[in-house]
Amino acid sequence: MSEPLLSIKGVSAFYGNIAALKGIDVEVMPGEIVTIIGANGAGKSTLMMTICGDPQAREGNIIFEGRDITHLPTYEIMRMKIAQSPEGRRIFPRMTVFENLQMGAATAEGGDMKADLARVYSLFPILEKRSNQRGGTLSGGEQQMLAIGRALMSRPRLLLLDEPSLGLAPLIVRQIFSAIRDLNQREKLTIFLVEQNAFHALKLAHRGYVMVNGRIAMQGTGSELLERPEVRSAYLEGGR
Amino acid sequence: MEYFLQQLINGLALGSIYGLVAIGYTMVYGIIGMINFAHGDIFMVGAFIALIAFLILVAIGITAIPLALFLVLLIAMLLTALYGWAVERIAYRPLRGSFRLAPLISAIGMSIVLQNYVQLAQGARVKTLQPLITGVHTLFDFGNRLVVQISNIQILIILTTFALMTGFSWLVASTSLGRDMRACEQDLKMAALLGVDTNRTISLTFLLGAALASVAGIMYLLYYGVIDFHIGFVAGVKAFTAAVLGGIGSLPGAMLGGLLIGLIETYWSAYFSVQYKDVAAFSILIIVLIFMPTGILGKPEVEKV
Ligand SMILES: Nc1ncnc2c1ncn2[C@@H]1O[C@H](COP(=O)(O)OP(=O)(O)OP(=O)(O)O)[C@@H](O)[C@H]1O
Ligand SMILES: [Mg+2]
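Residues numbered from 1 in each chain as written. Chains lettered and ligands numbered in written order. Predicted model: local features only at pLDDT ≥ 70, side-chain atom pairs only at ≥ 80, totals over all residues. Heavy atoms only, no water.

Thoughts on the interface of chain A and chain B
Here comes step 1: Taken together, the contact pairs 27 residues of chain A with 21 residues of chain B.
Here comes step 2: For the pair chain A and chain B, the summed buried area comes to about 2300 Å², and 59% of that belongs to carbon and sulfur atoms.
Here comes step 3: Summed over the three residues of chain A that lose the most area to chain B, namely Arg90, Arg94 and Met103 of chain A, the buried surface amounts to 27% of that side.
Here comes step 4: For Arg90 of chain A, the salt bridge is made with Asp187 of chain B, and the minimal N-O distance between the two is 2.9 Å.
Here comes step 5: Of all the elements in the fold, those that place two or more residues in the side of chain A that touches chain B are helix 2 (74–79), helix 3 (97–104) and helix 6 (140–152) of chain A.
Here comes step 6: Looking at the side of chain A that touches chain B, its residues break down into 11 nonpolar, 9 polar and 7 charged. (Contact = heavy atoms within 4.5 Å. Buried area = accessible area lost by both parts, 1.4 Å probe. Salt bridge = Lys/Arg side-chain N within 4 Å of Asp/Glu carboxyl O. Helix = DSSP H or I, 4+ residues; strand = E, 2+ residues; numbered from the N terminus. Nonpolar A, V, L, I, M, F, W, Y, C, P; charged D, E, K, R; others polar.)

Description of the domain arrangement of chain A
Interface size is commonly expressed as the accessible area that is lost once the parts come together.
All names here are of chain A.
Here comes step 1: Assigned domains of chain A: these are domain 1 (1–81 + 157–168 + 178–240) and domain 2 (88–156).
Here comes step 2: The interface is formed by 15 residues belonging to domain 1 together with 16 residues belonging to domain 2.
Here comes step 3: Linking domain 1 with domain 2 are 1 salt bridge.
Here comes step 4: Across the pair Arg119 and Glu187 runs a salt bridge whose closest N-O atoms are separated by 2.2 Å.
Here comes step 5: The tally of links between domain 1 and domain 2 comes to 4 residue pairs in polar contact (both at pLDDT 80 or more).
Here comes step 6: Secondary structure elements with two or more residues in the side of domain 1 that touches domain 2: helix 2, strand 7 (158–162) and helix 7 (170–187).
Here comes step 7: Partitioning the side of domain 1 that touches domain 2 into residue classes produces 10 nonpolar, no polar and 5 charged. (Domains from an automatic or database assignment. Polar contact = N/O pair within 3.5 Å; in protein donor to acceptor, adjacent residues only side chain to side chain.)

Focus: the site of ligand 1
All names here are of chain A.
Here comes step 1: Of all residues adjacent to ligand 1, which total 13 residues, the nearest are Lys44, Ser45, Thr46, Glu87 and Gln196.
Here comes step 2: A distance of 2.6 Å separates an oxygen atom of ligand 1 from a polar side-chain atom of Glu87.
Here comes step 3: Between ligand 1 and Gln196 there is a distance of 2.7 Å, counted from an oxygen atom to a side-chain nitrogen or oxygen.
Here comes step 4: If one sorts the elements of the shell around ligand 1 by residue count, helix 1 (residues 44–51) sits on top with 3 residues.
Here comes step 5: Residues that form the shell around ligand 1 fall into these classes: 4 nonpolar, 6 polar and 3 charged. (Near = heavy atom within 4 Å.)

What to know about the packing of aromatic side chains
Here comes step 1: If you walk through the whole model with that rule in mind, you get 12 aromatic pairs over all chains.
Here comes step 2: With a centroid separation of 5.5 Å and an interplanar angle of 80°, the aromatic rings of Tyr3 of chain B and Tyr271 of chain B are classed as edge-to-face. Highlighted residues: Tyr3 of chain B in helix 1 (residues 2–32) and Tyr271 of chain B in helix 10 (residues 251–271), separated in sequence by 268 residues.
Here comes step 3: Look at Tyr3 of chain B and you get partly exposed, because its relative accessible area is 38%.
Here comes step 4: The exposure class of Tyr271 of chain B is partly exposed, given its relative accessible area of 43%.
Here comes step 5: Their ring planes at 55° and their centres at 5.7 Å tell us that Tyr25 of chain B and Phe240 of chain B sit as a pair that is tilted. Residue Tyr25 of chain B is found in helix 1, and its partner Phe240 of chain B is found in helix 9 (residues 231–246); the two are separated by 215 residues along the sequence.
Here comes step 6: Three or more aromatic residues joined by ring pairs make a cluster, and in this case those are Tyr3, Phe4, Tyr267 and Tyr271 of chain B.
Here comes step 7: Lying across the ring of Phe14 of chain A, Arg58 of chain A places its NZ or CZ 4.1 Å from the centre.
Here comes step 8: It is Arg150 of chain A that lies over the ring of Phe92 of chain A; its NZ or CZ is 5.2 Å from the centre. (Phe/Tyr/Trp six-rings, centres within 6.5 Å; stacked < 30°, edge-to-face > 60°. Buried < 20%, exposed > 50% of the residue type's maximum accessible area, 1.4 Å probe, protein only. Lys NZ or Arg CZ within 6 Å of the ring centre and 35° of its normal.)

A word on the sheet that holds strand 10 (residues 215–221) of chain A
Residues and elements named next belong to chain A.
Here comes step 1: The sheet built from 6 strands is open, its strands ordered 6-7-8-3-9-10 with mixed pairing. Sheet topology places strand 6 (82–85) and strand 10 at the edges, where each strand pairs with a single neighbour. Shown here is a sheet whose adjacent strand axes are inclined to one another by a mean of 15°, direction ignored.
Here comes step 2: Bridge count for strand 3 (residues 33–38) against strand 9 (residues 207–212) is 5 bridges, and the pairing is parallel. Residue pairing for strand 9: Ile36 is matched across the bridge by Tyr209.
Here comes step 3: The strands touched by helix 6 within the sheet are strand 6 and strand 7, with strand 6 carrying the most contacts at an inclination of about 175°.
Here comes step 4: Helix-sheet contacts for helix 7 involve strand 3, strand 7 and strand 8 (190–194), and the interaxial angle to strand 8 is about 150°. (Pairing = 2+ DSSP bridges. Axes fitted to C-alpha atoms, helices over the stretch in contact; angles between N-to-C directions.)

Topic: the coordination of the magnesium ion (ligand 2)
Here comes step 1: Looking at the magnesium ion (ligand 2), one finds its protein donor set to be Ser45 of chain A (OG) and Glu87 of chain A (OE), positioned 1.9 to 2.3 Å from the metal centre. Pair noted here: Ser45 of chain A is in helix 1 and Glu87 of chain A is in the loop between strand 6 and helix 3, with a separation of 42 residues, a long-range link. (Donors = N, O, S within 2.8 Å, 3.2 Å for Na, K, Ca; no water.)

A closer look at the environment of Asp197 of chain B
Here comes step 1: Take Asp197 of chain B: it is sitting in the loop between helix 7 (188–193) and helix 8 (198–224).
Here comes step 2: A residue is classified by how much of its surface remains accessible, and Asp197 of chain B, at 16% relative accessible area, is buried.
Here comes step 3: C-alpha separation for the pair Asp197 of chain B and Cys184 of chain B, spaced 13 residues apart in sequence, amounts to 9.6 Å.
Here comes step 4: If sequence neighbours within four positions are ignored, Asp197 of chain B has contacts with Tyr75 and Arg79 of chain A.
Here comes step 5: Among the polar contacts made by the side chain of Asp197 of chain B, one reaches the side chain of Tyr75 of chain A at a distance of 3.2 Å.

Take a look at the structure:
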């Protein structure tokens, strides 16, 4: 077996004195799509942010490409080629689409910005049409594509996606999921995905984890988890 | 008529000085959401550094005015920028993430510290600089000794301000540092998630704001020839008013607000009462805060985020 790209070992994180993560163990192998599903407030977004050092883990270690990044400041972690499309998209509202993408390229030093831009535009052609429009005036789906596109601009080795399908129409959801699959299959991009839409996520992912109250309750391959009765009743029934 | 025009020129010169200081307020507010009450005192420190630099240059025999002016500008901008940087490191950064009022109180403390420091180091009495840049040009002559004039120092103030504001606007709009600054202003957390060293960007914002304030300090020194440790307070409040009037957080707003405050103050003094000119500026602050809290060019909140 090869080395994991990302390994999270016994990580706990707190907001003030309240524990949001209570000893999480997760591994992501190179080339995998790994998903985390769980109810609202389980701590999924916190885990994504803790990988990025905000909040920093109070216990445990986070290893990326063999290097302990647990206590690095956020910007240094991101410069190691981890990119996140965070919960709520967080597009810069008073910057144009193009400027938002430029911000994404901030850590791609020495790279070919034109090629990266072309790659994002071919993945999401609508962004090219909207390149001079202010981010804040895009539709929700366009903002989501921009958030993913912006994350890709740094040519990440690990892409963190937090609920990319939230609030989007089924057609757009399918478009975004097929873009994720393409990135993984064609470019061997490793993707760590948080989703409410458990059915879609587990079908897409190689492996998945179920998170409950800041702990990992179950794990397995995507199809294994889809078959589990506990998963079906809690996250799938009526929810697809 | 000639009186009106004359006041227009005086007002533009004064407003330029306020505008340069207002940029520092607006940039810092935009990026970390605090009013840097010590910024007016940074302006004062800039004026003192400039005065000392002038005296040293004269003492070592550099008296050619353009050269001296250039060197003073360089020295004052550099040293004042260091003061601005240090204020942020010492008084604001350790408090980031604590309750909202904490950095504000710290800023008021920093303002007092800077004033007392200069008072102790330089004395409480006013310092004077003999006029270095003299000469006036008559723009219009209506006969009967009714003339509109512009002095060389006014030309210098207006042109320098115009150049600096153009340069600074370009920096913010078109360089990667400027883009990082705007990103931090719009979403500090997201900027960090894209690999921006946000602490560094905030430091640079303080540095640049202080450098601009120091230029305003030099202009003030050259224009009035008299400074003391207290000038930062009144000028600071007016520049802050300018920033609020223009729309706090908005760069063009700060420039516009500065010019407007300069003009209002000048016309008020010219047509009503010099004694109450500060009252006029403060009244505007209150009126704007009540009726137009986002200012003239304040951000219209149209974004659906
Ligand atoms: N900034 C914060 N300050 C304090 N508590 C927080 C903060 N962010 C999240 N929490 C708390 O931490 C817990 C986990 O939140 P988190 O956002 O990670 O959940 P989630 O699994 O992403 O939920 P959702 O599916 O609704 O997005 C919740 O109880 C939440 O209230
Ligand atoms: Mg979440």
